[in-house]
Amino acid sequence: MTMKSKTKIIIFGTGSGFEKVLEVIDLDKVEIVAILDNNESKQGTYLIGKKIDTPLNVHKYDYEYIIIASQFYNDICNQLINLGVNEKRIINILKVKTSSQLVQEIFIYNFAIKSIIKNEYLKSYIKNYAICNMNVLDKERNVRFYDYQDYLIKGIDYVRISSLELISREVYERQIEGAVAELGVYQGGFAKIINELFYDRKIYLFDTFEGFADKDVEYDDKHGFCKTKVGHLSDTNINIVLDQMKYKENCIIKKGYFPDTTDGLDNEVFAFVSIDADLYKPTYEGLNFFYDKLSEGGYIMVHDYNHSLYKGVKEAVRKFCNERRINFFPLSDYHGSAVIMK
Ligand SMILES: C[S@@+](CC[C@H](N)C(=O)[O-])C[C@H]1O[C@@H](n2cnc3c(N)ncnc32)[C@H](O)[C@@H]1O
C-alpha cells in the first residue's frame with residue numbers, strides 16, 4: 001500500500017493566529033516546511049523547532065500551500081502575490097466563519113483544505129451544512145440523511161448524493177412503486193448508495209463489466225461527441241460491485257452490452273433509475289427503455305448531462321425529451337446530471 005505523502009505547508013505569521021492554526025491543522029496530514037514572519041526581531045528565532053524566516057525567502061521552500069495565520073490577511077496576501085506566489089496557494093483558515101463559507105473554500109481550493117485541517121474541525125464546521133433539515137433518522141429505512149459530512153470530506157459529489165437522498169424520500173413518502181436500477185455501474189460507487197437508500201427494492205445493475213463497447217465508442221467518435229477507447233473503465237467485475245452492496249439479496253446483475261441485457265424485464269416497473277453510461281447510444285437506449293417502464297412519479301437521473309467531455313449524453317437526453325415531449329431538470333452536481341420525472 002502506498003502512503004499518501006503529507007501536504008507541505010508554510011505558515012505565515014507567528015502571533016496568536018499561529019496557535020489557532022496549529023489547533024486546526026492535522027499534523028498527520030501536513031508537513032510544516034517553513035514559518036515566515038515580517039517582524040525582523042522574530043526572524044532567526046525558533047518556533048516549534050523551526051527557524052522563523054523572512055517572507056523574501058519564500059521561494060526557497062518546496063511547498064503546496066501557505067496558510068496565513070494573521071488578521072492582516074489581505075495585506076499579507078498582496079505581499080505574497082507581489083513576491084510571485086500563486087494566489088491559489090494562499091489559504092486563510094482563520095477567515096472561515098460559517099459552514100457554507102468553509103464548503104465554498106473546499107471547492108475553491110479544490111479540496112486543499114481537507115488535506116490540511118483536522119476532520120473533527122471540518123465536521124464541526126459543516127455539521128449544519130444541509131440544503132434543508134434532513135439530518136433526521138428515517139426509521140423505516142434506517143437511513144439518516146446520507147453521511148454528507150464524510151462525503152464532503154472525501155471529496156465525493158455532495159449535490160448528487162443529497163439529491164438522490166431527496167428523491168428516495170419522495171419515492172417512499174409518495175409510495176412510488178417499482179424496482180431501482182443503474183445502467184453503467186462500473187465499480188458500484190453510486191449503486192452502493194442507491195442500494196442502501198432503496199433498502200427493500202430490487203436493484204438491477206447493468207454494465208458490460210468490460211468497459212465501453214466498440215459500437216458505442218465509434219458512434220461518439222463519428223459524431224464528434226467524445227474521443228475515448230474501447231474497453232475504457234474495464235477495471236471492475238461483479239464481485240467488486242457486490243462486495244459494496246449492503247443489501248446483496250436485492251441485487252440482480254445484468255452483465256453485457258445494453259440494451260441486449262434487458263430480457264426478462266417485461267413485467268418490471270421502476271421507481272428510480274440512474275443512467276451513467278457516458279456515451280450517446282447507451283444513454284439514448286436507456287432512456288427509451290426505462291422511461292416506458294417508469295412508474296408515474298418515478299425518476300431517472302442521467303449523469304454527465306453537462307459534462308464537457310461526454311457531449312453525447314446531452315445530445316441523447318435532448319433528443320429523447322424532444323421526441324417524447326417531456327422535460328428535465330439540470331442539477332448543479334459535479335458534471336451536471338439531468339433529472340427526468342414521469
Ligand atoms: C462512468 S462509469 C459508471 C460510474 C458509476 N455509475 C459510478 O457512479 O461509480 C460508466 C459505465 O458504463 C458502462 N457502459 C457504457 N456503455 C455501456 C453499454 N452499452 N452497456 C453496458 N454498460 C455500458 C461502462 O462499462 C462503465 O462501467
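Here the structure is a predicted model, which means the values were calculated and not measured.

## Let's talk about the environment of Tyr63
So, point 1. Tracing the chain through its elements places Tyr63 in the loop between β4 (50–53) and β5 (65–68).
So, point 2. When its relative accessible area of 12% is taken as the criterion, Tyr63 is described as buried.
So, point 3. The spatial distance from the C-alpha of Tyr63 to the C-alpha of Ala34 is 8.6 Å, given a sequence separation of 29 residues.

## Focus on unusual backbone geometry
So, point 1. For the bond running from Phe258 to Pro259, omega is 20°, close enough to zero to count as cis.
So, point 2. Tracing the chain through its elements places Pro259 in the loop between β9 (251–255) and β10 (270–275).
So, point 3. Notably, Arg325 is not glycine yet its phi reads approximately 55°, a positive angle.
So, point 4. What makes Arg325 exposed here is its relative accessible area of 77%.

## What to know about the environment of Lys319
So, point 1. Relative to the helices and strands, Lys319 is located in helix α11 (residues 311–324).
So, point 2. On a C-alpha basis, the gap between Lys319 and Tyr284 in space is 8.1 Å, while along the polypeptide they are 35 residues apart.
So, point 3. Ignoring sequence-local partners within four residues, the contact set of Lys319 consists of Tyr280 and Tyr284.

## So, the sheet that holds strand β1 (residues 7–12)
So, point 1. With mixed pairing, the 6 strands of this open sheet are ordered in space as β3-β4-β2-β1-β5-β6. Each of the sheet's edge strands pairs with one partner strand only, and the pair in question is β3 (46–47) and β6 (90–91).
So, point 2. Here helix α1 (residues 16–24) sits on the sheet and contacts β1, β2 (30–36), β3 and β5; the angle it forms with β1, its principal contact strand, is near 160°.

## Thoughts on the site of the ligand
So, point 1. Among the 20 residues in the neighbourhood of the ligand, the closest are listed as Gly184, Asp207, Asp216, Phe258 and Asp276.
So, point 2. Asp207 places a side-chain nitrogen or oxygen 2.6 Å from an oxygen atom of the ligand.
So, point 3. Grouping the amino acids of the shell around the ligand by side-chain chemistry returns 9 nonpolar, 5 polar and 6 charged.

## Structural notes on the nonpolar core
So, point 1. If you look at the biggest cluster of nonpolar residues, it comprises 35 residues, and the most contacted ones within it are Phe290 and Ile300.
So, point 2. Secondary-structure elements contributing two or more residues to this core are β7 (179–183), β8 (203–207), β10, α10 (280–292), β11 (294–302), α11 and β13 (338–341).
So, point 3. The dominant element in this core, judged by the number of residues it contributes, is α10, at 6 residues.
So, point 4. Ignoring anything within four residues of it in the chain, the contact list for Phe290 reads Ala181, Leu183, Phe206, Phe258, Phe270, Val273, Ile275 and Ile300.
So, point 5. Of all hydrophobic cores here, the second largest spans 26 residues; its members include Ile167, Val180, Phe190 and Leu197.

## Brief notes about the pattern of salt bridges
So, point 1. Scanning all chains against the criterion turns up 9 salt bridges.
So, point 2. Measuring nitrogen to oxygen at the nearest pair gives 2.7 Å for the salt bridge that ties Arg169 to Glu165. Taken together, the positions of Arg169 and Glu165, both in helix α6 (residues 158–173) and 4 residues apart, correspond to about one turn of that helix. As far as the burial class goes, Arg169 and Glu165 line up, both buried.
So, point 3. In this structure, the salt-bridge partner of Asp292 is Arg324, at a minimum N-O distance of 2.9 Å. Taken together, the residues span a long stretch of sequence, with Asp292 in helix α10 and Arg324 in helix α11 at a distance of 32 residues.

## What to know about the packing of helix α8 (residues 214–222) against α10
So, point 1. Here α8 crosses α10 at 105°, and the two axes come no closer than 7 Å. On the basis of their axis angle, the class for α8 and α10 is roughly perpendicular. Seen from α8, the contacting residues are Lys215, Asp216, Tyr219 and Asp220; seen from α10, they are Tyr280, Lys281 and Pro282.
So, point 2. Split into classes, the residues belonging to the contact of α8 with α10 amount to 3 nonpolar, no polar and 4 charged.

## Looking at the side chain of Asp220
So, point 1. Position of Asp220 relative to the elements: it lies in helix α8.
So, point 2. Despite being buried, Asp220 has no salt bridge partner; Lys281 is the closest side chain of opposite charge, sitting 8.8 Å away.
So, point 3. In contact with Asp220, other than residues within four places in its own chain, are Phe225, Cys226, Asp278, Leu279, Tyr280, Lys281 and Gly312.

## Let's talk about the packing of aromatic side chains
Aromatic rings in a pair are described by how distant their centres are and how their planes are angled relative to each other.
So, point 1. Scanning the model with the defined rule gives 18 aromatic pairs in all.
So, point 2. For the ring pair Phe258 and Phe290, a centre distance of 5.9 Å and an interplane angle of 15° mean the geometry is stacked. With Phe258 in the loop between β9 and β10 and Phe290 in helix α10, this pair connects stretches of sequence that are 32 residues apart. Of the two residues, Phe258 and Phe290, both sit in the buried class.

## As for the confidence of the model for the protein chain
So, point 1. Taken as a whole, the protein chain shows an average pLDDT of 87; of its residues, 82% reach a score of 70 or greater.
So, point 2. Contacts from residues 128–133, a stretch scored under 50 in pLDDT, to residues over four places away or in other chains number 10 contacts.

The rules behind these values
Residues numbered from 1 in each chain as written. Predicted model: local features only at pLDDT ≥ 70, side-chain atom pairs only at ≥ 80, totals over all residues. Heavy atoms only, no water. Helix = DSSP H or I, 4+ residues; strand = E, 2+ residues; numbered from the N terminus. Buried < 20%, exposed > 50% of the residue type's maximum accessible area, 1.4 Å probe, protein only. Contact = heavy atoms within 4.5 Å. Pairing = 2+ DSSP bridges. Axes fitted to C-alpha atoms, helices over the stretch in contact; angles between N-to-C directions. Near = heavy atom within 4 Å. Polar contact = N/O pair within 3.5 Å; in protein donor to acceptor, adjacent residues only side chain to side chain. Nonpolar A, V, L, I, M, F, W, Y, C, P; charged D, E, K, R; others polar. Core = buried A, V, L, I, M, F, W, Y, C linked by side-chain atoms within 4.5 Å. Salt bridge = Lys/Arg side-chain N within 4 Å of Asp/Glu carboxyl O. Parallel < 35°, antiparallel > 145°, perpendicular 65-115°, else oblique. Lys, Arg positive; Asp, Glu negative; His and termini not counted. Phe/Tyr/Trp six-rings, centres within 6.5 Å; stacked < 30°, edge-to-face > 60°. pLDDT = per-residue confidence, 0-100.

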